[in-house]
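Results of the structural survey
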Amino acid sequence: MTTSRDNLFASIRRSLHVKGDERLRAGIVEDRLDRAPKGIIPDRAQIDAPAKLALLLEKLVGVQATTAVLADYSEVPAAVADYLRANNLPATLKRGDDPRLAACPWDKTALDVSVGRSDGGDLNAISHAEAGIAETGTMALISGPENPTTLNFLPDNHIVVLSATDVVGDLEAIWPRIRAKYGKGEMPRTVNFITGPSRSGDIEQTILLGAHGPRRLHVLIVGA
Amino acid sequence: MSAQSTAHSFKANATGAMADAQLTGNLKAVRQNFIDKRAKAASELPEFEALRENAKEIKNHTLAHLDLYLEKYEAKVTASGGYVHFAADAEEARQITLDICRKVGAKTVTKGKSMITEEVGLNAFLEANGVTPVETDLGEYIIQLRGEAPSHIIAPAVHLNKEQIESDFRRVHTHLDANRDLTEKTSLLTEARAVLREKFLVADVGITGANFLIAETGTSIIVTNEGNGDLTQVLPKVHVVMASIEKMVPTLEDVSQILRLLARSATGQEMSVYTTLSTGPRRKGAFSSEVDAGSREENATKKEARAQARGDVDGPEEYHVIILDNGRSAMLGGEFQDMLRCIRCAACMNHCPVYHQIGGHAYGWIYPGPMGSVLTPSLIGVDEAGHLPNASTFCGRCESVCPMKIPLPKMMRHWREREFERNLNPAIARYGLGLWAFFARRPKLYALSTRIAMKAMRLLGRGKGRFTWLLGASAWTKYRDFAVPEGETFQAKWKRERGVK
Ligand code: SF4
């Protein structure tokens, strides 16, 4: 009995007029998957490290995120406490198991910090980014117990910590890093590219922030 | 059957739309909001034109090797612990979805915005079978409350104003204070956020579409601004992705090129707020217990080792992808193949003077505007949708803004020529009927050939009530589904029954 799968592939091959020996076509496909050739990389991202950081900060503001630049990780808890206070938000925070965040001196603040995924009851969360993409002001986050994906979407206020050494120029610069971590062709369960706080334009095409995801996105860049 | 169509009464639909003052007023937002933003975003990226050319090449290459990339993709999804299902048509896609829902005893499913589930008419089917679908994109939610179809592929409720939305919220959200103030747009947004948050947290299955599927890694990608698609796919136990065959791209690098065009062409953003890559279900680790507050006491290195040995603490436990054909494989290799490069950015309708006048519903099926005028006849047949290719002034703006350089006016002309020459019948269907006429005039030959054909069709269609393609007749079945023959031809049956009498 033929299955829908068989029929589908047969129909594609018939339409493409391919039959018999497909070594040439298969070789072309293997080669492309293997080499993963880079396409056109915008000039705006081909710049030195300080310029990349400046571009990233500029782009973040352009997408309605807020930013702060810190000297090192020991300053993170105080910066978070300041941010929450300045926005009249309660001093609570949910974080994952990321070792860089775990090592921060949370005890030096009055913040009530809990660890794990979010079940929807958290107002504020903090995550550590894998990288920041200067080209568009985008944070790249990877799922796992270190930075659970629910923290990126359920809380009202999302704080993302980014190491200045992880600022990259273009989107494509992410892929070699992920391949180095997980292996070629392998991926973590989720990669989130986040560019500003949640928004919707569905009511009369007016952009309103805070649709279903966080209403605020605050980025702390450490080590710059 | 795919979703219901009224494309055959396009002329009446369009006339009605143009007489609707409220609609034409609301449609001004399309012109005012999308055109300038796209132009600005494109002009701020000097490489925009070169990227369009490259994106076109990437998709052409993918389509020419689509069978092979689909196989690679399937293998990768399976290796990451997910399931791939192939669906020939709308009916099969709906049934697979329902089966997955039933297996986990799902009562409600949340849905991310997806044109493909609109195409297959999923919501009505799930509802009829006891599963409640909840649209979570704000625009989709609004039109679901109204029982309408989307009027635009990225702004489904663009035909409505805030007063209309307010009255729908008051009509449906009866559990809320009747005296609440909903005059501000933000109060409408906040109300929808609160109502839908409840739905997200209790849904058993989350269904999304996909903007892209990546062969290299077995990944599905969704691109959104609200974050609803992400809550749909991360919270429930099961994530179902429904996507058509042409969403395939080879590599992560390839998709990066096209992503640079998508948001700029759609909303004028450089990047949409959320671009999410999903690969397989939640990862299982050596320990699956959740992190607790006690872990703060452990030292950092120990914790890191523990974290690596543990799996995800969130994400779906099951990940399914339903790959839908619904007529697309028959478009490959022909004059409408270029349409399969479409990334559903909506730039063509945003720039279309006809769309500006009549809005999306007048087109009568799921896909409006220039892309719909080309795609709809290919998918539901030129008999039903033959008027749509006339919905053009041939001004050429759609092609000039299409990021994938799809020659939309040329393809609308193709359809018009076909409609004219073949009197509403696709060329090969006419040819088929010509053969039929030839045989019909020769009764013996006809009886013999149809009997043989029926036998073959029965074998091919075994176990199914119908089939969408048939060796040697793919261009015909592209437009019409053959019913599986019941076992004998009309002639044979008539002869037999007459003989009995
Ligand atoms: S046809 Fe081109 S412009 Fe229209 S939706 Fe598709 S990709 Fe966008």
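The numbering scheme is per chain: residues are counted from 1 as the chain's sequence reads. Chain letters start at A and ligand numbers start at 1, both assigned in the order the entries are written. Owing to the predicted nature of the model, reporting of local features is limited to residues with pLDDT of at least 70; listing and counting of side-chain atom pairs is limited to 80 or more, with chain, interface and lining totals taken over all residues. For the side-chain quantities, the full set of heavy atoms in the structure was used; hydrogens and water were omitted.

What to know about the overall build of chain A
From N to C terminus, chain A includes 7 helices and 12 strands. For the radius of gyration, the atom set is restricted to C-alpha positions; the globular benchmark scales as 2.2 Å times the number of residues to the power 0.38. For a compact globule of 224 residues, the expected C-alpha radius of gyration is about 17 Å, and chain A comes in at 22 Å, more than 25% above that figure. Each of the three principal axes of chain A carries a C-alpha extent, and together these read 70 × 45 × 40 Å. Intrachain contacts of chain A at a sequence separation of at least 6 include 72% that bridge at least 24 residues. Accessible surface area values rest on a Shrake-Rupley calculation with a 1.4 Å probe, where residue burial reflects the displayed protein chains alone. Roughly 8400 Å² of accessible area belongs to chain A as shown, and the carbon and sulfur atoms make up 53% of that amount. Side chains of chain A give 26 positive and 28 negative charges; the mean places of these two sets differ by 6 Å. Strands here are runs of E lasting at least two residues and helices are runs of H or I lasting at least four, both read from the DSSP assignment and numbered beginning at the N terminus. Contacts between residues were defined by any pair of non-hydrogen atoms, one from each residue, lying within 4.5 Å. Positive residues here are Lys and Arg, negative ones are Asp and Glu, while His and the chain termini are left out of the count. We put the charge of a Lys on NZ, of an Arg on CZ, of an Asp on CG and of a Glu on CD.

With respect to the packing of helix α2 (residues 23-35) of chain A against helix α4 (residues 66-79) of chain B
Axes here mean lines fitted to C-alpha atoms, for a helix over just the part in contact, with angles spanning 0 to 180 degrees between N-to-C directions. With their axes 10 Å apart at the nearest point, α2(A) and α4(B) run at an angle of 50° to one another. Relative to α4(B), α2(A) is oriented oblique. With respect to the hand of their crossing, α2(A) and α4(B) are arranged in right-handed fashion. Contact with α2(A), carried on its side by A:Arg25, A:Ala26, A:Val29, A:Glu30, A:Arg32 and A:Leu33, involves B:Asp67, B:Leu68, B:Tyr69 and B:Lys72 of α4(B) and no other residues of that element. In the contact of α2(A) with α4(B), the residues fall into 5 nonpolar, no polar and 5 charged. Throughout this description, any angle smaller than 35 degrees is read as roughly parallel, any larger than 145 degrees as roughly antiparallel, any in the 65 to 115 degree range as roughly perpendicular, and the remainder as oblique. A clockwise turn of the near helix away from the far one marks a right-handed crossing, whereas an anticlockwise turn of less than a right angle marks a left-handed crossing. Polar here means any residue outside two lists: the nonpolar Ala, Val, Leu, Ile, Met, Phe, Trp, Tyr, Cys and Pro, and the charged Asp, Glu, Lys and Arg; Gly therefore counts as polar.

Digging into the site of the ligand
Taken together, B:Cys342, B:Ile343, B:Arg344, B:Cys345, B:Ala346, B:Ala347, B:Cys348, B:Met371, B:Cys402, B:Pro403, B:Ile406 and B:Leu408 form the complete shell of residues around the ligand. Residues that form the shell around the ligand fall into these classes: 11 nonpolar, no polar and 1 charged. Working definition: residue near molecule or strand if any one of its non-hydrogen atoms lies within 4 Å of it.

Description of the sheet that holds strand β3 (residues 132-135) of chain B
All names here are of chain B. Spatial strand order, β1-β10-β7-β4-β2-β3: 6 strands in an open sheet with parallel pairing. The strands lining the two open edges of the sheet, one partner per strand, are β1 (83-87) and β3. Adjacent strand axes in the sheet meet at a mean angle of 25° when their direction is disregarded. Note that strand β2 (residues 108-111) and β3 share 4 bridges and pair parallel. Directly across from Lys 111, in β3, lies its bridge partner Glu 135. Contacting β1, β2, β4 (205-208), β7 (238-244) and β10 (318-324), helix α5 (residues 90-103) runs over the sheet at an angle of about 170° to β10. For two strands to pair, DSSP has to find at least two bridges joining them.

Some thoughts on the side chain of B:Thr208
Looking at where B:Thr208 falls in the secondary structure, it is placed in strand β4. When residues no more than four places from it in sequence are discounted, the contact partners of B:Thr208 are B:Gly112, B:Ser114, B:Ile222, B:Gly229, B:Thr232, B:Gln233, B:His239, B:Val240, B:Val241 and B:Met242.

Regarding the sheet that holds strand β12 (residues 216-222) of chain A
Residues and elements named next belong to chain A. Spatially, β1-β12-β7-β4-β2-β3 is the arrangement adopted by the 6 strands of the open sheet, whose pairing is parallel. Every interior strand has two partners, whereas the edge strands, β1 (66-70) and β3 (112-115), have only one. Mean inter-strand twist for the sheet, computed between neighbouring axes without regard to direction, equals 25°. Bridging between strand β7 (residues 157-163) and β12 involves 7 bridges; their strand directions are parallel. Within the sheet, the bridge partner assigned to Val 161 lies in β12 and is Leu 220.

Thoughts on the domain arrangement of chain A
What the domain assignment reports for chain A is domain 1 (4-34) and domain 2 (44-222). Each of domain 1 of chain A and domain 2 of chain A was reduced to a C-alpha centroid, and the two centroids are 42 Å apart. The domain boundaries here were taken from an automatic or database domain assignment.

Remarks on the nonpolar core
If you look at soluble globular proteins, the nonpolar side chains tend to sit buried side by side. One finds A:Phe193, B:Met339 and B:Tyr367 to be the most contacted residues of the largest nonpolar core, which totals 132 residues. A total of 7 residues in this core trace back to one element, the largest contributor, which is helix α12 (residues 252-266) of chain B. Residues in contact with A:Phe193, not counting those within four places in the same chain, are A:Ile133, A:Thr138, A:Met139, A:Ala140, A:Leu171, A:Ile174, A:Trp175, B:Met271, B:Val273, B:Tyr274, B:Thr275 and B:Leu277. Here, nonpolar core refers to any group of buried Ala, Val, Leu, Ile, Met, Phe, Trp, Tyr and Cys residues whose side-chain atoms link them within 4.5 Å. Between buried and exposed lies partly exposed: a residue is buried under 20% and exposed over 50% of the maximum accessible area for its type, with that area taken using a 1.4 Å probe on protein chains only. A:Ile203, B:Val134, B:Val195 and B:Val273 belong to the second-largest nonpolar core, a separate cluster that totals 43 residues.

Let's talk about the interface of chain A and chain B
Across the contact, 93 residues belong to chain A and 117 residues belong to chain B. Of the roughly 8900 Å² buried between chain A and chain B on both sides combined, carbon and sulfur atoms contribute 56%. As used here, buried area is the combined drop in accessible area, with a 1.4 Å probe, of two parts when they are placed together. For chain A, the biggest contributors to the area lost against chain B are A:Arg189, A:Gln205 and A:His212; these three give 11% of the whole. Salt bridge criterion: a side-chain nitrogen from Lys or Arg within 4 Å of a carboxyl oxygen from Asp or Glu. The tally of links between chain A and chain B comes to 16 salt bridges. Of the charged contacts, one joins A:Arg13 and B:Glu71 as a salt bridge, the two residues approaching to 2.8 Å between their closest N and O atoms. Polar contacts here mean pairs of N or O atoms no more than 3.5 Å apart (in protein, one a potential hydrogen donor and the other a potential acceptor; neighbouring residues in sequence count only if both atoms are side-chain atoms). Counting across the interface, chain A meets chain B through 53 residue pairs in polar contact (both at pLDDT 80 or more). Here the side of chain A that touches chain B takes 11 residues from helix α1 (residues 4-16) of chain A, the largest share from any one element.

Quick look at helix α10 (residues 185-202) of chain B
One less than the residue count of a helix, multiplied by 1.5 Å, gives the span that helix is expected to have. Taking 1.5 Å of rise per residue, the 18 residues of α10(B) would be expected to cover 26 Å, and the 27 Å separating its terminal C-alpha atoms lies within 8% of that figure. Burial in α10(B) covers these residues: B:Lys185, B:Ser187, B:Leu188, B:Leu189, B:Glu191, B:Ala192, B:Arg193, B:Val195, B:Leu196, B:Arg197 and B:Phe200.

Focus on the pairing of β3(A)
Residue and element names in this part refer to chain A. Residue alternation in β3 divides its side chains into a buried set, Val 113 and Val 115, and an unburied set, Asp 112 and Ser 114. Alignment of strand β2 (residues 92-95) against β3, held across 4 bridges, turns out to be parallel. What sits directly across from Arg 95, in β3, is Val 115.

Concerning the pairing of strand β4 (residues 124-128) of chain A
On any regular strand, side chains alternate: one points to one face of the sheet, the next to the other face. Residue and element names in this part refer to chain A. For β4, the buried fraction is high: 5 of the 5 residues fall into the buried class. Of the strand pairs in this sheet, β2 and β4 are connected by 2 bridges, and their pairing is parallel. Paired with Arg 95 across the bridge in β4 is Ile 126. Bridge analysis of β4 against β7 gives 5 bridges, and the strand direction is parallel. Bridge assignment links Asn 124 to a residue of β7, and that residue is Asn 157.

What about unusual backbone geometry?
A negative phi angle characterises most non-glycine residues, just as the trans form characterises most peptide bonds. The phi dihedral of A:His17 is positive, around 55°, even though this residue is not glycine. Checked against the element boundaries, A:His17 lands in the loop between α1 and α2. With relative accessibility at 62%, the residue A:His17 sits in the exposed group. In this structure, B:Asn326 is a non-glycine residue whose phi angle is positive, near 50°. In this structure, B:Asn326 sits in the loop between β10 and α14 (347-350).

Looking at the confidence of the model for chain B
Residues and elements named next belong to chain B. Per residue, pLDDT captures the predictor's confidence, and it can take any value from 0 to 100. A residue-level look at chain B finds 79% of positions with pLDDT of 70 or above and a mean pLDDT of 83. Between residues 287-307, whose pLDDT stays under 50, and residues either more than four places distant or in other chains, the model counts 33 contacts. Confidence metrics for the complex model read pTM 0.86 and ipTM 0.97.

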